[in-house]
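# Observations on chain architecture
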Amino acid sequence: MAIILVLLFGAAFVFRRVGQTVTGNAPKFRDMPYGAAFGYVLAAAMLIFAVWYYLQPTVTETGVPNAGVMFFRWAIHGFLIAAIAAFLFRLLGRSIGTAGSKKLFRTMPLTASFGILVILIYAFVAIFAGAIAPHGQAEVFGTANIMAGGDPALGGDPAFPLGTDQIGRDILSRLIYGAQNTVGIAFITTCLAFVIGGSLGFLAATIQGWLDELLSRGVDVLMAIPSLIFALLLMTIASVWAARLGVPLTVFMVLIIALIDSTRVFRLARAVGLNIVVMDYIEAAKLRGEGLGYLVFKEILPNAMAPLLAEFGLRFCFVFLTISSLSFLGVGIQPPLADWGTMVRDLAPFINFAAFAPTAAITPLLAAGAIALLTVAVNFVVDWMLHKSSGLKE
């Protein structure tokens, strides 16, 4: 490893010196820091290694499948497919739609295009899960632990392309219904958190005084407790009350997570609101005799929409991951509802067979990949929205 680093550092020095000589000491190479030259060399080395590793055989000389090469090839193929799909989607958006949407797609980076495409696909799957899924999310079949891929020689079944879990439920169907349950519940929870936190934040910024102090100190207390630990504690208590009251535990989970995350929304809404209430148009509205509702919903909220929308995307990711984490720990979305966090926990034992059948490792990665893909997509869109709202130009 040390030899490789020495070679890279030496190559970076040679790269910068050769560039200066060939270009006649052009500013790009003359003013190039050594760290930038090292970055170029490291990127080129990684690209060469990636090409070499991609061309390695998928089966070793002893006949054992090379799982690392297989997964690397699948990752490269997935990246290329995603890039092409995002490019075509952006091209379609520039050609079809209103003048405003076409202008939006013309200024949209490829990452944001990819994020919007993924979000639309997830929304479509979640809304029409009942029509898309080949089986019910709780439907149990007689064959359990079927491998993904549909190859009978490797323990698969063409009737179940993604296999079945330990009790014989179709993984493809549960993955589709998981979009409806996990993403849908996360969206509802985030909306509720914004209604609670945003309303109280704007109220505290507008009225101020003792109400602002009371709400702010209460939020400080709640934010001092780690959110996941606090959610676990409350969910443990709620599991007892849910059984006594006959209320689904999922309802308690939505309320608990919405309450915890509303503290972050409150902080943002209050900070933005305090900057808006000192504006002249707010004073003019007060002089006209406008009420509190008008000030909050007609004056403050429209001017705070940009940061709130960006925060909504980030907060949705945190809520989405929190729900998946609680489900993974067994206190989140409860069976028979399909949930990606629960699927990761239940299908984890399949990884033990990856050395003999690499496709076995796909099974637990499907739900984990669905969680990661949506999180990345939302963050891409949020980054683009923040860039647009900041007023910065490319």
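Residues numbered from 1 in each chain as written. Predicted model: local features only at pLDDT ≥ 70, side-chain atom pairs only at ≥ 80, totals over all residues. Heavy atoms only, no water.

## Examining the overall build of the protein chain
When you go through the protein chain residue by residue, the secondary structure sums to 16 helices and 0 strands. Projected onto its principal axes, the C-alpha positions of the protein chain cover 80 × 75 × 45 Å. Taking all 394 residues of the protein chain together, 37% fall into the buried category. In the protein chain, of all internal contacts separated by at least 6 residues, the share reaching a separation of at least 24 is 64%. Summing over all exposed atoms, the protein chain offers an accessible surface of approximately 21,200 Å²; the carbon and sulfur share of this is 73%. Distance between charge centroids for the protein chain: 9 Å, based on 24 positive and 20 negative side chains. (Helix = DSSP H or I, 4+ residues; strand = E, 2+ residues; numbered from the N terminus. Buried < 20%, exposed > 50% of the residue type's maximum accessible area, 1.4 Å probe, protein only. Contact = heavy atoms within 4.5 Å. Areas by Shrake-Rupley, 256 points an atom, 1.4 Å probe, with all protein chains shown as cover. Lys, Arg positive; Asp, Glu negative; His and termini not counted. Charge placed at Lys NZ, Arg CZ, Asp CG, Glu CD.)

## Side note on the side chain of Ser262
Inspection of the secondary structure puts Ser262 in helix H11 (residues 249-276). Dropping the residues within four chain positions of it, Ser262 is found in contact with Ala193, Ile196 and Gly197.

## Considering helix H9 (residues 209-223)
In this model, H9 (15 residues) spans 21 Å end to end at C-alpha, consistent with the 21 Å of a helix rising 1.5 Å per residue. Of the surrounding elements, those touching the buried residues of H9 are helix H8 (171-207) and H11. (Expected span 1.5 Å × (residues − 1).)

## Considerations on the packing of aromatic side chains
Per the counting criterion, the structure on display carries 13 aromatic pairs. An angle of 75° between the planes, with centres 5.3 Å apart, marks the rings of Tyr53 and Phe72 as edge-to-face. Of this pair, Tyr53 sits in helix H3 (residues 34-54) while Phe72 sits in helix H4 (residues 67-95), and the two are 19 residues apart along the sequence. According to the relative accessible area criterion, Tyr53 is partly exposed, its value standing at 23%. Between Phe89 and Phe105, the aromatic rings sit 5.5 Å apart at their centres with planes inclined by 75°, giving edge-to-face as the arrangement. Linking Phe89 in helix H4 with Phe105 in helix H5 (residues 99-106), this pair joins segments that are 16 residues apart in sequence. Among the aromatic residues, those joined into a cluster by ring pairs are Phe49, Trp52, Tyr53 and Phe72. Stacked on the ring of Tyr54, the Lys or Arg Arg73 has its end atom at 5.3 Å from the ring centre. (Phe/Tyr/Trp six-rings, centres within 6.5 Å; stacked < 30°, edge-to-face > 60°. Lys NZ or Arg CZ within 6 Å of the ring centre and 35° of its normal.)

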